[in-house]
Amino acid sequence: MGHLKNIPKIQDFHRFAHLPAPRHPLISLIDFGQVRFPEDLKGLKLVQKYYTIGLKRNVPYKLFYGQKEYDFNEGIMTFLAPDQVMGMERNPNINLKGESKPTGWLLLVHPDFLWNTSLAQTMKSYAFFGYDINESLFLSEEEEEMMVDIFKRIEKEYRSPIDKFSQKIIVSQLELLLNYAERFYERQFITRNTPNHQLLGQVEQLLQAYFDQENLMELGLPTVEYISQELHLSPSYLSSMLKSLTGMSTQQHIHNQLIEKAKEQLSTTPLPINEIAYNLGFEYPSSFNKLFKNKTEMSPLEFRKTFN
């Protein structure tokens, strides 16, 4: 893998990829099939200072997003926020025997373009900009055509003579694209039931194994970040999937497993309430009492008395 390259401007990416200068300094739609990286490039890691929305197909090499990797054999969309690291295992322009030519589009949007617009504050609220690359958006042919159509409308607008409406029209099209992406992600959560239910089982097994450890007093309570890292998913994507399946967030799943473990100890052991709280990873017994009552509508002591 090559050295990390910082590409702060859209113009810099155009030069790096051997593309003509962009028609607009802050936004550009690139035909991915026309990208030509330096011939001596063997591998690459780069960080960009702008939003990159990609729709790619038949990319015959692995790309890395942070520490994760993904194969782009199918038509998928990816969403990268500024300052995220993207890497390629080899030069994209070296096609091996039998490989198809990469196709697709890259929409580059510099944050400065969004100043004084509705997206300036809300762009990062679209959770998929934080998703891991192996949870990119899979599109049907109809959905892909719809997205490409929006790409083209954005390109047509920024290539037209600029007037006071130009930015507003482009931003409205970009917002439309992002809202469709949200809809399609929601559909993806529903239609990919088998892998999602497998993930639900993995979450439950992971929490059971965590609470079965004997040193919870030292480890503390499991966090959403811990569960996400163990499953190689971002916290936002994991919670989105769990909510689509169960209506509960990752944190709620943690609490439910915790309460079940607490009920087991309260009903089968004579351990004092405070000791049970410490054994489950709570720093303060009062926090345990509060959570237990919130979830069960009775205190730990009241719950224990129901078994006496």
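Residues numbered from 1 in each chain as written. Predicted model: local features only at pLDDT ≥ 70, side-chain atom pairs only at ≥ 80, totals over all residues. Heavy atoms only, no water.

Colleague: What am I meant to see in the overall build of the protein here?
Modeller: Along its length, the protein carries 12 helices and 10 strands. In the protein, the proportion of contacts linking residues at least 24 apart, taken out of those at least 6 apart, comes to 73%. When the accessible surface of the protein is split by element, carbon and sulfur atoms take 50% of a total near 16,300 Å². (Helix = DSSP H or I, 4+ residues; strand = E, 2+ residues; numbered from the N terminus. Contact = heavy atoms within 4.5 Å. Areas by Shrake-Rupley, 256 points an atom, 1.4 Å probe, with all protein chains shown as cover.)

Colleague: In this structure, what is going on with the layout of surface pockets? I would like to understand it.
Modeller: To find the voids left in a structure, one rolls a probe of water-molecule size over its atoms. The computed volume of the largest pocket comes to approximately 200 Å³. If you list the elements that add at least two residues to the lining of the largest pocket, you get β2 (27-31) and α3 (141-159). The element best represented in the lining of the largest pocket is β2, accounting for four residues. Residues that form the lining of the largest pocket fall into these classes: seven nonpolar, three polar and four charged. (1 Å grid on protein atoms, 1.4 Å probe; cavity = no way out; pocket = protein on both sides within 12 Å on 5 of 7 lines; lining within 4 Å. Points joined across faces, edges and corners; volume = space filled by probe spheres on them. Nonpolar A, V, L, I, M, F, W, Y, C, P; charged D, E, K, R; others polar.)

Colleague: For this particular structure, what's the right way to read the packing of aromatic side chains?
Modeller: To describe a pair of aromatic rings, you give the distance between the ring centres and the angle between the ring planes. Enumeration over the complete set of coordinates arrives at seven aromatic pairs. Summarising the aromatic geometry, the rings of Phe288 and Phe292 are spaced 5.9 Å apart at their centres and angled 55 degrees between planes, so their arrangement reads as tilted. Note that Phe288 and Phe292 are positioned in helix α11 (residues 285-296) at a spacing of four residues, about one turn of the helix. Look at Phe292 and you get buried, because its relative accessible area is 0%. Cluster of aromatic residues (ring-pair linked, three or more members): Phe282, Phe288, Phe292 and Phe303. When the ring centre of Phe32 is taken as origin, the NZ or CZ atom of Lys56, which lies over that ring, is 5.6 Å away. (Phe/Tyr/Trp six-rings, centres within 6.5 Å; stacked < 30°, edge-to-face > 60°. Buried < 20%, exposed > 50% of the residue type's maximum accessible area, 1.4 Å probe, protein only. Lys NZ or Arg CZ within 6 Å of the ring centre and 35° of its normal.)

Colleague: What's the story with the confidence of the model for the protein in this structure? I'm lost.
Modeller: Low pLDDT marks stretches whose predicted atomic positions should not be read closely. Looking at the protein as a whole, the pLDDT averages 82, with 81% of positions reaching at least 70. Of all helices and strands in the protein, the one with the weakest mean pLDDT is strand β6 (residues 68-72) (54), whereas β2 scores best (95). (pLDDT = per-residue confidence, 0-100.)

Colleague: For this particular structure, what's the right way to read the packing of helix α9 (residues 250-268) against α11?
Modeller: Helix-helix packing is described using two parameters, namely the angle between the two axes and the distance between the axes. Interhelical geometry of α9 versus α11 gives an angle of 100 degrees and a closest axis separation of 11 Å. The angle between α9 and α11 falls in the class roughly perpendicular. Residues His255, Asn256, Leu258, Ile259, Ala262, Lys263 and Leu266 of α9 form the contact with α11, whose participating residues are Phe288, Leu291, Phe292, Lys295 and Thr296. Split into classes, the residues belonging to the contact of α9 with α11 amount to seven nonpolar, three polar and two charged. (Axes fitted to C-alpha atoms, helices over the stretch in contact; angles between N-to-C directions. Parallel < 35°, antiparallel > 145°, perpendicular 65-115°, else oblique.)

Colleague: Please clarify how the environment of Lys243 should be interpreted in this entry.
Modeller: Topologically, Lys243 is positioned in helix α8 (residues 235-246). If we skip the residues at most four places from it in the chain, Lys243 touches Met248 and Ser249.

Colleague: Help me understand the sheet that holds β2, please; the structure alone is not making it clear to me.
Modeller: Sheet strands associate in pairs through backbone hydrogen bonding, adopting either a parallel or an antiparallel arrangement. Reading across the sheet, the five strands line up as β2-β9-β4-β7-β10 and stay open at both edges, with antiparallel pairing between neighbours. Edge strands, defined here as strands with exactly one partner in the open sheet, are β2 and β10 (137-138). Where β2 lies against strand β9 (residues 103-109), five bridges are found, and the strand directions are antiparallel. Each residue of the ladder has a partner; that of Ser28, found in β9, is Leu108. Contacts between α3 and the sheet are confined to β2, β4 (51-57), β7 (76-80), β9 and β10, with β2 contributing the most and set at about 130 degrees to the helix. (Pairing = 2+ DSSP bridges.)

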